[in-house]
Amino acid sequence: MVELRVDHVTFRSRRRVAPGTVLDFALVMEGRPWPLRAPVVDCQTRKDAGVALYEMRVSFEGLPPPDLHLIALFIEKGRGAPKLAPRSS
């Protein structure tokens, strides 16, 4: 993960995910996974030691207000490092 903000999360991957793709993932905050479904809105290519890395921005714009509130509280508290994980079925 590169950045977590109230309106989006940015992450890097070696695999490109095209804008418009909706991702199912878990945002892990304080060790607890919070399942989310949100679209990739931007994808930038970066080079690191000659290897392409893709930096994707996922928008939280369409999330329900309680989800946005929880993310905002986590950011405000500033405790722990959030992580992204595959969403459990």
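Residues numbered from 1 in each chain as written. Predicted model: local features only at pLDDT ≥ 70, side-chain atom pairs only at ≥ 80, totals over all residues. Heavy atoms only, no water.

Explain the environment of Gly 31 residue by residue, including any values.
Residue placement: Gly 31 occurs in the loop between β3 (22–29) and β4 (32–48). Between the alpha carbons of Gly 31 and Ala 52 there is a distance of 30 Å; along the sequence they are 21 residues apart. (Helix = DSSP H or I, 4+ residues; strand = E, 2+ residues; numbered from the N terminus.)

Give me the pairing of strand β2 (residues 8–13): which residues, what numbers.
Inspection of the sheet shows strand β1 (residues 3–4) paired to β2 by two bridges, in the antiparallel sense. Along β2, the bridge assignment pairs Leu 4 with Val 9. Taken together, β1 and the strand that follows it, β2, pair antiparallel across an intervening segment of three residues. In this structure, β2 lies alongside strand β5 (residues 51–59), joined through six bridges in antiparallel fashion. The residue bridging Val 9 from the neighbouring strand is Val 58, located in β5. (Pairing = 2+ DSSP bridges.)

Talk me through the pattern of salt bridges; I want residue IDs and the actual numbers.
Following the criterion strictly, the structure yields six salt bridges and no others. Two residues, Arg 37 and Asp 24, come together in a salt bridge whose shortest N-O distance is 2.9 Å. Of this pair, Arg 37 sits in strand β4 while Asp 24 is found in strand β3, placing the two residues 13 residues apart along the sequence. According to the relative accessible area criterion, Arg 37 is exposed, its value standing at 52%. Residue Asp 24 is classed as partly exposed on the basis of its relative accessible area of 38%. For Lys 77, the salt bridge goes to Glu 30, with nearest N and O atoms at 3.0 Å. Linking Lys 77 in helix α1 (residues 65–77) with Glu 30 in the loop between β3 and β4, this pair joins segments that are 47 residues apart in sequence. Classification of Lys 77 by relative accessible area gives partly exposed; the value is 45%. Judged by its relative accessible area of 40%, Glu 30 falls in the partly exposed class. (Salt bridge = Lys/Arg side-chain N within 4 Å of Asp/Glu carboxyl O. Buried < 20%, exposed > 50% of the residue type's maximum accessible area, 1.4 Å probe, protein only.)

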